[in-house]
Amino acid sequence: MTDVSGAPADVLHTLYHSDQGGHEQVVLCQDRATGLRAVIAIHSTALGPALGGTRFHPYATEAEAVADALNLARGMSYKNAMAGLDHGGGKAVIIGDPEQVRTEELLLAYGRFVASLGGRYVTACDVGTYVADMDVVARECRWTTGRSPEHGGAGDSSVLTAFGVYQGMRAAAQHRWGDPSLRDRTVGIAGVGKVGRHLVDHLLAEGARIVITDVRQDAVRRIADAHPSVGVVADTDALIRVEGLDIYAPCALGGALNDDTVPVLTAKIVCGAANNQLAHPGVEKDLDDRGILYAPDYVVNAGGVIQVADELHGFDFERCRAKAARIHDTALAIFARAKEDGIPPAAAADRIAEQRMAEALGRA
């Protein structure tokens with residue numbers, strides 16, 4: 001079924017009537033000459049121009065692409081608010097297999113669409129897009145960040161993302177055990193790609209014991225060869241069942257915390273870099289009921305967005321690192337608010353973020 005515009009009815013329902021709705025602006029982009037099909041979603045500009053990455057993915061349907069863009073954009077509003085940035089939330093998705101359809105012409109066309117928004121949306125890298133892609137997009141759009149140092153950007157943001165997650169772990173350890181030290185704590189990391197491998201370095205430097213897994217064996221071999229003390233298990237299912245696991249760090253795909261994994265999770269803390277770790281509403285309560293402390297993903301993985309936001313003002317690594325270090329104090333404040341209000345930390349983080357956005361709207 002379609003309406004008179006030709007858009008599938010379920011897409012329009014998502015835009016206007018679902019829990020994912022309520023966005024300020026959603027732009028459907030198409031450039032026939034290059035094959036570009038994209039969705040740009042702006043959730044909120046209460047705190048400033050919307051900032052969020054561009055995901056390049058072979059979605060099964062246009063409705064799935066729209067739903068993902070809306071969900072991710074909303075998440076960016078909360079992430080940017082909790083990171084203390086003067087940015088609202090936005091996200092874009094390009095539909096298609098990046099290995100098959102990515103071309104310079106397609107990225108330039110996408111850049112023109114972002115530029116047409118006049119600065120309401122600032123784009124950066126996400127899953128399926130890279131620094132080199134942002135360099136191309138920036139040729140058509142000055143509201144592009146996450147570029148290479150050669151083109152005036154900050155480059156790879158995974159270093160500060162990992163640093164922020166590490167700070168979140170220290171805060172969680174302080175709240176859970178009364179000591180921020182991770183020495184002799186056993187940390188299981190699912191996904192040792194760009195962010196996960198940097199996280200390994202931070203934890204080893206502090207004396208933590210580490211167990212890893214990754215679907216890519218080359219990533220596992222790289223860590224194991226460089227650090228023979230790091231343990232390896234076959235898959236995530238085995239990792240979450242490791243006896244004596246203190247902290248579980250999901251650093252790969254979303255949905256890691258679900259009805260199947262939470263009941264068997266042995267860790268006392270969950271703190272990782274992956275986005276959208278909670279598979280559905282209610283999982284945060286399941287974790288809380290089991291006495292597992294959850295560090296909200298969009299809070300602890302904000303080091304990357306802190307970096308790309310700083311790039312807009314002339315990137316300074318030490319300034320960014322200092323901002324990312326504050327993730328430790330932000331996480332502690334969330335845990336304290338959760339305890340005070342008698343709610344899970346994820347709900348407490350949402351309340352704090354919503355309060356900041358509401359206060360900004362009240363000043364407008």
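In this text, all values refer to a predicted model and were calculated from it rather than measured experimentally. (Residues numbered from 1 in each chain as written. Predicted model: local features only at pLDDT ≥ 70, side-chain atom pairs only at ≥ 80, totals over all residues. Heavy atoms only, no water.)

Undergrad: What's the story with the overall build of the chain in this structure? I'm lost.
TA: Across its full length, the chain holds 15 helices and 11 strands. Rg of the C-alpha trace for the chain: 20 Å, near the compact-globule value of 21 Å for 364 residues, within the 12% margin. Projected onto its principal axes, the C-alpha coordinates of the chain cover approximately 60 × 45 × 45 Å. Buried residues in the chain amount to 51% of all 364 residues. Restricting to contacts in the chain with at least 6 residues of sequence separation, those with at least 24 account for 64%. Working note: accessible area of the chain is about 15900 Å², and carbon and sulfur atoms make up 49% of it. Across the chain, the 35 positively charged side chains and the 47 negatively charged ones have centroids separated by 4 Å. (Helix = DSSP H or I, 4+ residues; strand = E, 2+ residues; numbered from the N terminus. Rg over C-alpha atoms; globule rule 2.2 N^0.38 Å. Buried < 20%, exposed > 50% of the residue type's maximum accessible area, 1.4 Å probe, protein only. Contact = heavy atoms within 4.5 Å. Areas by Shrake-Rupley, 256 points an atom, 1.4 Å probe, with all protein chains shown as cover. Lys, Arg positive; Asp, Glu negative; His and termini not counted. Charge placed at Lys NZ, Arg CZ, Asp CG, Glu CD.)

Undergrad: Is there a simple way to think about the pairing of strand β5 (residues 121-125) in this case?
TA: One face of the sheet, then the other: side chains in a regular strand alternate in exactly this way. For β5, the tally of buried residues reaches 4 of 5 residues, placing the bulk of the element in the interior. Sheet topology places strand β3 (residues 50-57) next to β5; 5 bridges connect them, and they run parallel. Residue pairing for β5: Leu51 is matched across the bridge by Val122. (Pairing = 2+ DSSP bridges.)

Undergrad: Before we go on, may I ask you to explain unusual backbone geometry in this structure?
TA: Apart from glycine, the bulk of residues carry a negative phi angle, and the bulk of peptide bonds sit in the trans form. Positive phi is not limited to glycine here, since Asp184 has a value of about 65 degrees. In this fold, Asp184 is placed in the loop between α6 (158-177) and β6 (186-190). Judged by its relative accessible area of 46%, Asp184 falls in the partly exposed class. Of note, the phi angle at Asn276 is positive, near 50 degrees, even though the residue is not glycine. By the secondary structure assignment, Asn276 is in the loop between β10 (269-270) and α10 (283-289).

Undergrad: Teacher, can you tell me more about the packing of α6 against helix α13 (residues 317-325) here?
TA: Between two packed helices, what matters for the description is the angle formed by their axes and the separation of those axes. Two elements in contact, α6 and α13, have axes separated by 9 Å at closest approach and are oriented at 30 degrees. Compared by their axis directions, α6 and α13 come out roughly parallel. α13 is crossed by α6, and the crossing has right-handed handedness. Of α13, the residues touching α6 (which contributes Val159, Leu160, Phe163, Gly164 and Gln167) are Phe317, Cys320, Arg321, Ala324 and Ala325. Residues belonging to the contact of α6 with α13 are distributed by class as follows: 7 nonpolar, 2 polar and 1 charged. (Axes fitted to C-alpha atoms, helices over the stretch in contact; angles between N-to-C directions. Parallel < 35°, antiparallel > 145°, perpendicular 65-115°, else oblique. Left-handed = near helix turned anticlockwise from the far one by under 90°. Nonpolar A, V, L, I, M, F, W, Y, C, P; charged D, E, K, R; others polar.)

Undergrad: Would you mind going over helix α14 (residues 327-341) with me for this structure?
TA: Structurally, the α-helix is built with 3.6 residues per turn, so residues lying three or four positions apart point the same way. Here α14 spans 21 Å end to end across 15 residues, near enough to the 21 Å set by a 1.5 Å rise per residue. Along α14, the residues classified as buried are Ile327, His328, Ala331, Ile334, Phe335 and Ala338. One side of α14 holds all its buried residues, which, seen down the axis, span an arc of 125 degrees. In the segment just after α14, Gly342 is the residue with positive phi, at about 70 degrees. (Expected span 1.5 Å × (residues − 1). Arc of directions from axis to C-beta.)

Undergrad: What exactly am I supposed to notice about the pattern of salt bridges here?
TA: Between side chains of opposite charge, a pair can form as their charged atoms come close. All told, the structure shown has 20 salt bridges when counted by the stated rule. A salt bridge links Arg356 to Asp86, with the shortest nitrogen-to-oxygen separation between them at 3.3 Å. With Arg356 in helix α15 (residues 345-363) and Asp86 in the loop between α2 (62-82) and β4 (88-95), this pair connects stretches of sequence that are 270 residues apart. Because the salt bridges share partners, they merge into one network encompassing Arg55, Asp68, Lys91 and Asp126. (Salt bridge = Lys/Arg side-chain N within 4 Å of Asp/Glu carboxyl O.)

Undergrad: Would you take a moment to explain the nonpolar core for this structure?
TA: The tendency in soluble globular proteins is for nonpolar side chains to be buried side by side. Counting residues in hydrophobic clusters, the biggest one holds 48 residues, and the most contacted among them are Met169, Ile189, Leu199, Val200, Leu203 and Ile212. The residues touching Ile189, leaving out its near neighbours within four places in the chain, are Gly196, Leu199, Val200, Leu203, Ile210, Val211, Ile212, Thr213, Leu239, Ala249 and Cys251. (Core = buried A, V, L, I, M, F, W, Y, C linked by side-chain atoms within 4.5 Å.)

Undergrad: Explain the sheet that holds strand β11 (residues 293-294) to me, please; I cannot follow it from the model alone.
TA: Sheets are built from strands that pair by backbone hydrogen bonding, the pairs being arranged parallel or antiparallel. As summarised here, the arrangement of the 6 strands in space is β8-β7-β6-β9-β10-β11, forming an open sheet in which the pairing is parallel. Looking along the sheet, the strands with just one partner apiece sit at the ends: β8 (231-232) and β11. One ladder, built from 2 bridges, connects β10 with β11; its direction is parallel. Across the sheet, residue Val270 finds its bridge partner in β11, namely Tyr294.

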